[in-house]
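A closer look at the structure
So the chains spell out like this:
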Amino acid sequence: MTDGFLLEAPLLSRLARARAVLVLTGAGMSAESGIPTFRDAQTGLWSRYRPEDLATPEAFERDPARVWRWYEERRRAVRGAEPHAGHRALVELETLLPAVTIVTQNVDGLHQRAGSTTVWELHGNILRSRCHVSHRPISAQWLQDSPHQPPRSPYVKNGLARPDVVWFGETLPERPLEAALAAASGCDFCFSIGTTSWVQPAASLPLLALEHGAAVVEINPDETPLSPHAQQCIRDRAASALVTLVSELRAAMQENGTAVMTAAGQHTRKESEHDQ
Ligand code: OAD
């Protein structure tokens, strides 16, 4: 911490003037909502399960019932989880800055439930299902009415329902990936929050932002491969770091009159000594 602010003063002032902000989130963003991460040593899912048994198309072909049951457990955890103060701070960030785009590797929908409006899911959503052959979406009602585990596909003979998530070896959904690449190359400030920065292509988004001149700030208690490239690494958990950071940003903007929201919700610039 420097200058008495969590975010170093030059970065805070850069954030206050940012036109477009990209927030990339990973499993660490949901950890404080009680959803386990993947790679944390004791608590991460991949310390207890092998991804090749549960998170590949081959695993599903081999034993669809086992894979479905494992996702059913994870769906239960997600349904029982609530967004935390850090998710809500990101919603508040939207009211302070002209454009905030969230690109998430998380499949739990917590950003949307908190109220963030522009959220791109790179790895799908665990609460949605689709046909494993045709990839067409399958309704929750159909799943609920089915006696099978996994339920049969309504579209394809011998087809099954599978979770609408990206498994190892699969390509990412096109629209979210395109939107994420556009947000990374078009932003002037990028946060990377709660991700090990190991899984591609998500891991390269902050580097793309950096190449295009954006400031990059990491929020993660641990060092990652992104850390040496970031302008600042905040070694804290997502919830407390984001709450502090957004309240400091709000205070700094009010003090400098950098931008205010109108009643209609549009951003306007307020005249101040800095602007003259
Ligand atoms: P990981 O489990 O690999 O990393 C979680 C990161 O969050 C680690 O760097 C932790 O240090 C950090 N962390 C833990 N608690 C935190 C907290 N309270 N606040 C902030 N950071 C915290 O998760 P991802 O990087 O998201 O893919 O993993 C990427 C992808 O690998 C996942 O989307 C999943 C997985 O296999 C698919 O399911 C396709």
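Coordinates for the structure precede this section.
The rules we used
- Starting afresh in each chain, residues are numbered from 1 along the sequence in its written order.
- A pLDDT threshold of at least 70 governs which residues receive local features in this predicted model, and a stricter bar of 80 or more applies before side-chain atom pairs are shown or counted, although totals over entire chains, interfaces and linings include all residues.
- Based on all heavy atoms of the structure, the side-chain values leave hydrogens and waters out of the count.
- Residues are labelled near a given molecule or strand when at least one of their non-hydrogen atoms is within 4 Å of it.
- Residues adjacent in sequence count toward polar contacts only when both atoms are side-chain atoms; beyond that, a polar contact is any pair of N or O atoms within 3.5 Å, and within protein one must be able to donate a hydrogen and the other to accept it.
- Here the Shrake-Rupley method, with its probe set to 1.4 Å, supplies the accessible areas, and only the displayed protein chains count as covering residues.
- Secondary structure elements are taken from DSSP: a helix is a run of H or I of four residues or more, a strand is a run of E of two residues or more, and numbering for both begins at the N terminus.
- Any pair of Phe, Tyr and Trp rings, taking the six-membered ring for Trp, is counted once the centres come within 6.5 Å. Such a pair is stacked with planes under 30 degrees apart, edge-to-face with planes over 60 apart, and tilted for the rest.
- With a 1.4 Å probe rolled over the protein chains alone, any residue whose accessible area is under 20% of its type maximum counts as buried; one over 50% counts as exposed, and the rest are partly exposed.
- Strands were regarded as paired on the criterion that DSSP finds at least two bridges between them.
- To define axes, lines are fitted to C-alpha atoms, for helices over the stretch in contact only, and angles between the resulting N-to-C directions are given on a 0 to 180 degree scale.
- Should an angle fall under 35 degrees it is taken as roughly parallel, and over 145 as roughly antiparallel, whereas 65 to 115 is taken as roughly perpendicular and any remaining angle as oblique.
- Note on convention: near helix rotated counterclockwise from far helix by under a right angle means a left-handed crossing. Clockwise means right-handed.
- Residue contacts are defined here by distance: any two heavy atoms, one from each residue, within 4.5 Å place the two residues in contact.
- Charged residues are taken to be Asp, Glu, Lys and Arg, nonpolar residues to be Ala, Val, Leu, Ile, Met, Phe, Trp, Tyr, Cys and Pro, and polar residues to be all remaining types, Gly included.

**Overview of the site of the ligand**
In the neighbourhood of the ligand, 23 residues make up the surrounding shell, with A27, F38, R39, T195 and T196 lying closest. For the ligand, an oxygen atom lies 2.8 Å from a polar atom in the side chain of H123. Summarising the interface, the protein chains cover 93% of the accessible area of the ligand, which totals 790 Å² for the free molecule. Sorting elements by how many residues they give to the shell around the ligand places helix α2 (residues 27-31) first, with 3 residues.

**Digging into the packing of aromatic side chains**
All chains considered together, the criterion is met by 8 aromatic pairs. Measuring from ring centre to ring centre gives 5.3 Å for F38 and W46, while their planes differ by 40°; the resulting arrangement is tilted. Between W46 and F168 the ring centres are 6.2 Å apart and the planes differ by 55°, which places this aromatic pair in the tilted class. Taken together, the residues W46 in helix α3 (residues 45-48) and F168 in the loop between β6 (161-165) and α10 (174-186) connect sequence positions 122 residues apart. Looking at F168, the relative accessible area reads 38%, which means it is partly exposed. Among the aromatic residues, ring-to-ring pairing joins F38, W46, Y49, F60, W70, Y71, W167 and F168 into one connected group.

**Describing the sheet that holds β6**
Reading across from one edge, β5-β4-β6 is the order of the 3 strands in this open sheet, with antiparallel pairing throughout. What marks the edges here is a single partner per strand, and that holds for β5 (137-138) and β6. Looking at chain direction, strand β4 (residues 124-131) and β6 are connected through 5 bridges and run antiparallel. Residue pairing in the sheet places G124 in a bridge with V165 of β6.

**Section: the packing of helix α7 (residues 85-96) against helix α12 (residues 238-256)**
As a packed pair, α7 and α12 sit with axes 8 Å apart at the nearest point and diverge in direction by 25°. Taken together, the axis directions place α7 and α12 in an arrangement best described as roughly parallel. Pair α7 / α12 crosses with left-handed handedness. Taking contact as the criterion, the partners of A85, G86, A89, L90, E92, L93, T95 and L96 in α7 are, on α12, A238, A239, L242, V243, V246, L249, R250 and M253. Classifying every residue of the contact of α7 with α12 by side-chain character gives 12 nonpolar, 2 polar and 2 charged.

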